[in-house]
2 protein chains.
Amino acid sequence: MSNYHKPEAKIVQELKDIANKIRIHSITSTQAAKSGHPTSCSSIAEILSVLFFNTMRYKVSAPKDPSSDRFVLSKGHACPALYAAWAEAGLFPVADLQNLRKIDSDLEGHPTPRLNFIDVGTGSLGQGLAIAGGMAYVGKNYDKANYRVYCLVGDGESAEGSIWESVHFSSYYKLDNLCVILDVNRLGQSEETSLGHDVEIYRKRLEAFGMHAIVVDGHDIEELVKAFHTAATTKGKPTAIVAKTFKGKNFPKIENMDNWHGKPLGDNSEKIIQHLKSLIKNQGPLQIHPQKPLKDDAPLVDITHIKLSSPPAYNIGDSVATRVAYGTALVKIAQNNPRVIALDGDMKNSTYSENLKKYDSSRYIECFIAEQSLVGTAIGAACRDRTVPFVSTFATFMTRAFDQIRMGAISQTNVNFVGSHCGVSIGEDGPSQMGLEDLALFRSIPGSTIFYPGDAVATERAIELAANTKGITFTRVNRPTTPVIYKNDQVFTVGKAFVVKKSDKDQVVLIGAGVTLVEAITASDELAKLGIGARVIDPFTVKPIDKETIVNNIKEVGGRAVVVEDHYYEGGLGEAVLSTTALERDIIIKHIAVAKVPHSGPPNVLLDLYGLSAKHIVAAAQEILKL
Amino acid sequence: MSNYHKPEAKIVQELKDIANKIRIHSITSTQAAKSGHPTSCSSIAEILSVLFFNTMRYKVSAPKDPSSDRFVLSKGHACPALYAAWAEAGLFPVADLQNLRKIDSDLEGHPTPRLNFIDVGTGSLGQGLAIAGGMAYVGKNYDKANYRVYCLVGDGESAEGSIWESVHFSSYYKLDNLCVILDVNRLGQSEETSLGHDVEIYRKRLEAFGMHAIVVDGHDIEELVKAFHTAATTKGKPTAIVAKTFKGKNFPKIENMDNWHGKPLGDNSEKIIQHLKSLIKNQGPLQIHPQKPLKDDAPLVDITHIKLSSPPAYNIGDSVATRVAYGTALVKIAQNNPRVIALDGDMKNSTYSENLKKYDSSRYIECFIAEQSLVGTAIGAACRDRTVPFVSTFATFMTRAFDQIRMGAISQTNVNFVGSHCGVSIGEDGPSQMGLEDLALFRSIPGSTIFYPGDAVATERAIELAANTKGITFTRVNRPTTPVIYKNDQVFTVGKAFVVKKSDKDQVVLIGAGVTLVEAITASDELAKLGIGARVIDPFTVKPIDKETIVNNIKEVGGRAVVVEDHYYEGGLGEAVLSTTALERDIIIKHIAVAKVPHSGPPNVLLDLYGLSAKHIVAAAQEILKL
């Protein structure tokens, strides 16, 4: 360990003082809010004091500065302490801390990027480390800058498997610019954690998972200063600082006691604050300040106006799986912008994200079979607009990371998801591999945009649009091939549906997407033979759904529509369509979808067995025409 | 290690022969299906041979026998090998294996309990061990029987954090009746796994996580026989057998090669089968048979007709949070049936599942902050009808286990979920803690039943009904108190809504649930003052939704309704209601829900800010009356 200088006693005392000030702020702000987690703040007070006033190199006045060290508070419920650290550092007035959890203050109950010093939302436990890993990966491999990433994880949340996925990810990719601090305060919400204060077990596990692990007394300033220095000078692997701490440290009669999770101190506050004040030696202005910022070594990045390097090049009628078109489009936008990256969970040869790996292996991040890590890493990579990540796997395996995706919306992330192998049309692999709830998942994400492209041309444009769309996007692509139906110069817009087949004599509208669009077109042809005009609509985006086109066309044909989707009945395209007509009289809609757990079998047999084939659409149209 | 006898050479050879027969069946069945994973089967052939013909004690003719050893194939894609093992053991004709993946055969692409020898569905990776842990927990603590639980996990899927949650769970609870076999065949789907053939790292990790770990050559019969014996005689901790294997073992030119995941062998088949046949010494009928079954020591269990031990006991107008009523009901049904159990993820003092722990600590399983383990354990505990598990945590954290819940439907599980802290009405903790997508999640689960009880009385009856309902149930309960509105003797039925307020002059129907039912009732009172009759409906179950009551009442008032829910717009109560009226003309519905990521703040302020309060319902009713 080179160049380590023990801090002077004066500095140590000042850092101790700051820790106790953080404790006082945590007590008074949660007391004012009448809710919050002061004891969870208390265990990390020294860690934050050392990080913010001794270790981290950052611009207090510019928290989003791309060259600064980053900090992620994975145990988000301890945010009053984090808010206090930033206030003490000088970002905003200490008095503002008293607005904690108020409706007109962004000092919320758990941190969100509504605050300029928060990169990502936390509060669902076990998610911060994957994000920090994504940030560190970008720092090391793309920005090639000197900033380091610190992530504070609670011992309770280290029970989440996602934490171990992330530890593995960061050691596998040798992220020596990442330092995780594990706050082993022994107590969970409702009882002692399963490992209590056994810091040696944590050390063993972290070492076995490939990290350099250092056990420290988490309330000892000098041990912390030294450990962070060791971390910064450890090469080839990330460092974990296992900090033995006490929940409610320095809160007499509360420290290390059960039943104090998530509770303001109430009548105990005043006495405890007096005690904390008695521990503070320097009553005047701070004598120390945060470290000088790093030099501006992170490059300028422009992720706007991303375009396909060349337009789609298909012939009408070509048979192309939209998942294949995704791989093609991914490379085209990567050719256009160096910050387009792809991440996958060992499905790259099925999702065609491998195309980017083949084109430029440095821009493909293999996350192996660990979807939570996959998504968290992407959120970390996307934050502060450093990259444009595309995350692909089977659509149904997105469910494995629903909580991360949900939190991604709170994090204001711009990650793009691509789910292949949707619906019964995947065939013989059976229900465990079929995405039949992915639209329900992504529709429920606030601000999301959902593309369900009707062919390869639409897919390429969907991916181009996704790259430029704020918020979470999801593109649903098919396993089987479907015919190309759009011209290469067709213009696509978010929220704009297409009428792909129409006549003056239409009596019913058929709405399908992906494989069911193909079936709807076939059904329309069949119905024509029976003398029934059936207009076909391709929604292109399921969210936002093109209410105007859908409602107007249904009205034009006399108020009847059939919606068919390769998805369960709930939460998908059908209900999206129903939402467009909720306030319309004289419109009736027949919805066809998958009603039960499907069986293995050939794709076409399954489409028929579960009622999605042209035959069933014809029957549904005939039925609705009688109503 | 006591009483270990090395198997005779003849037995070893026979076990080798069976392994190679399993290989041949895996090749021919996937060849017939034109899809599947023969190389993934090959790596586990000796493991299955030894388990099914030397180690496990089970009744071939009665695979669901409650006293038999259990086997869970976590790497479900290798099921052709498992099917072959059961066929060789004599459960069904070997010739049937050729029906793999056919529409009229339940030998599906991944295993499901449509087969009588499969307890739970697998195929989404990393889930089998949590389930096996749940089965082992029940065997040890409730059945107190001698059966052992074996779980075969792939090395690729061991990248899933869920695996490590489960390893920790099983070591924490000292499940020495559990044995996990890790098939380290080095190769994932699209490239080498992150740890390749480094069995020592796996050993270290498993030991650090509390298991007894044994490294073996996974193709060496004697090593496997010995390791399983060691596992069976190891007390106080579960055993992990780390088996170094080769993908495509004994498939010349394919063994240990890339690019052979999930592919039948095609033109290579015949030569390889000839090679495998040449390795088989005994060409006649099997000389060995599975072990004798264990004695019938698992008790008879009856989980039918579960009732509240005493009826609800509230007064109309009492303020009771429905989460509190959940805790009360849980104890009441536990008093009625000894197999009712509860599991929680360190939220028991918020969800009130701690009531059961206080009543009978043996029937509460603390799963700590690891929701995937929580859900998987419950699915394991529920399978073969051994227990009636209730799983509780914050509604939004159910998203963490969506994939497990999804697979639970494929597993035909009867687990009951209870989600508290739903919607913006939780208040200051902010969006990360608010369940706003839980209805979308559970509605998309095939066969699910969703209770959204309107008060404490309804909650107690919902829990009673849930305990007796097949399939997955979800009960959504509130954090804040709401008034008791039902009499204690009110009868509740799945799929039966209540008209809680009505008059002859009603012009509009208001539909709300939980906190928004309260708001809807208030709105109806306010509208009455304005001379507008507003009928109020409490759906009680969101799925199935009471189409008849909803449609008839809306028609009665003239075709207008307002639906209001503390949930995002997509996939929840509103769209459930829209689905009931899709084929009805002359009905218009105004839907009010949460449109964006909410902020922290007081519950009532948030209900108002996000448009869910009585004031907004009144305005919506007035607006719709003009349409």
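Given the structure is predicted, the values throughout are model-derived calculations rather than measurements.

Colleague: How should I be thinking about the UniProt feature "domain: Transketolase-like pyrimidine-binding" (unreviewed entry) in chain A in this particular structure?
Modeller: When the UniProt feature table is mapped onto this chain numbering, "domain: Transketolase-like pyrimidine-binding" (unreviewed entry) sits at residues 320–481 of chain A. Along residues 320–481 of chain A, the helical share is 40% and the strand share 19%, with 5 Å between the first and last C-alpha atoms.

Colleague: Explain the environment of B:His25 here, please?
Modeller: Mapped onto the secondary structure, B:His25 falls in helix H1 (residues 9–33). Setting aside chain neighbours within four positions, we find B:His25 in contact with B:Ala84, B:Glu88, B:Val94 and B:Leu97.

Colleague: So what exactly am I meant to see when it comes to the relation of the copies chain B and chain A here?
Modeller: Mapping chain B onto chain A leaves a residual RMSD of 0.0 Å; the transformation is a rotation of 180° accompanied by 0.0 Å of translation along its axis. Expressed as a symmetry operation, the mapping of one chain copy onto the other fits a two-fold axis. If distances are taken from each C-alpha of chain B to the rotation axis, the shortest is found for B:Gly161, at 1.8 Å. Interface residue correspondence from chain B to chain A reaches 100%, placing this contact among same-surface, isologous pairings.

Colleague: Where do I start with the sheet that holds strand S19 (residues 588–594) of chain B in this structure?
Modeller: Two modes of strand pairing occur in sheets, parallel and antiparallel, and in both the strands are linked by backbone hydrogen bonds. Residues and elements named next belong to chain B. Overall, mixed pairing links the 5 strands, which are arranged S14-S16-S15-S18-S19 in an open sheet. Both edges of this open sheet fall to strand S14 (498–501) and S19, since each of them pairs with a single strand only. Ignoring strand direction, the axes of neighbouring strands in this sheet form an average angle of 25°. Of the strand pairs in this sheet, strand S18 (residues 560–568) and S19 are connected by 6 bridges, and their pairing is parallel.

Colleague: Can you help me understand helix H7 (residues 199–208) of chain B in this one?
Modeller: Two residues of an α-helix separated by three or four positions point the same way, owing to the 3.6 residues in each turn. Where H7(B) is concerned, the buried positions are B:Val199, B:Tyr202, B:Arg205, B:Leu206 and B:Ala208. The inward-facing, buried residues of H7(B) contact helix H6 (161–172) and helix H7 (199–208) of chain A together with helix H6 (161–172), strand S3 (178–184), strand S4 (212–217) and strand S5 (239–244) of chain B. In the stretch just after H7(B), B:Gly210 is the one whose phi turns positive, near 95°.

Colleague: Just to check I follow, could you spell out the interface of chain B and chain A for this structure?
Modeller: How big an interface is tends to be reported as the loss of accessible area on association of its parts. Listed by partner, the interface residues are 108 residues for chain B and 108 residues for chain A. Interface of chain B and chain A: buried area, both sides summed, is about 8,600 Å²; carbon and sulfur atoms make up 53% of it. Its largest share of buried area at the contact with chain A, chain B owes to B:Ile103, B:Arg400 and B:Arg585, together 9% of the area lost on that side. Our count for the contact surface shared by chain B and chain A stands at 14 salt bridges. Measuring nitrogen to oxygen at the nearest pair gives 3.2 Å for the salt bridge that ties B:Lys357 to A:Glu191. Counting across the interface, chain B meets chain A through 66 residue pairs in polar contact (both at pLDDT 80 or more). In terms of residues, the side of chain B that touches chain A owes the most to one element, helix H14 (residues 402–410) of chain B, which gives 7 residues. Residue composition of the side of chain B that touches chain A, grouped by class: 38 nonpolar, 37 polar and 33 charged.

Colleague: Just to check I follow, could you spell out the environment of B:Val605 for this structure?
Modeller: As for its placement among the helices and strands, B:Val605 is situated in helix H20 (residues 603–609). On the basis of relative accessible area, B:Val605 is assigned to the partly exposed category, the value being 35%.

Here is what the cut-offs are and how they apply
- Residues numbered from 1 in each chain as written.
- Chains lettered and ligands numbered in written order.
- Predicted model: local features only at pLDDT ≥ 70, side-chain atom pairs only at ≥ 80, totals over all residues.
- Heavy atoms only, no water.
- UniProt positions renumbered as here; feature names shortened; annotations may be inferred.
- Helix = DSSP H or I, 4+ residues; strand = E, 2+ residues; numbered from the N terminus.
- Contact = heavy atoms within 4.5 Å.
- Least-squares fit on C-alpha atoms with pLDDT ≥ 70 in both.
- Pairing = 2+ DSSP bridges.
- Axes fitted to C-alpha atoms, helices over the stretch in contact; angles between N-to-C directions.
- Buried < 20%, exposed > 50% of the residue type's maximum accessible area, 1.4 Å probe, protein only.
- Buried area = accessible area lost by both parts, 1.4 Å probe.
- Salt bridge = Lys/Arg side-chain N within 4 Å of Asp/Glu carboxyl O.
- Polar contact = N/O pair within 3.5 Å; in protein donor to acceptor, adjacent residues only side chain to side chain.
- Nonpolar A, V, L, I, M, F, W, Y, C, P; charged D, E, K, R; others polar.

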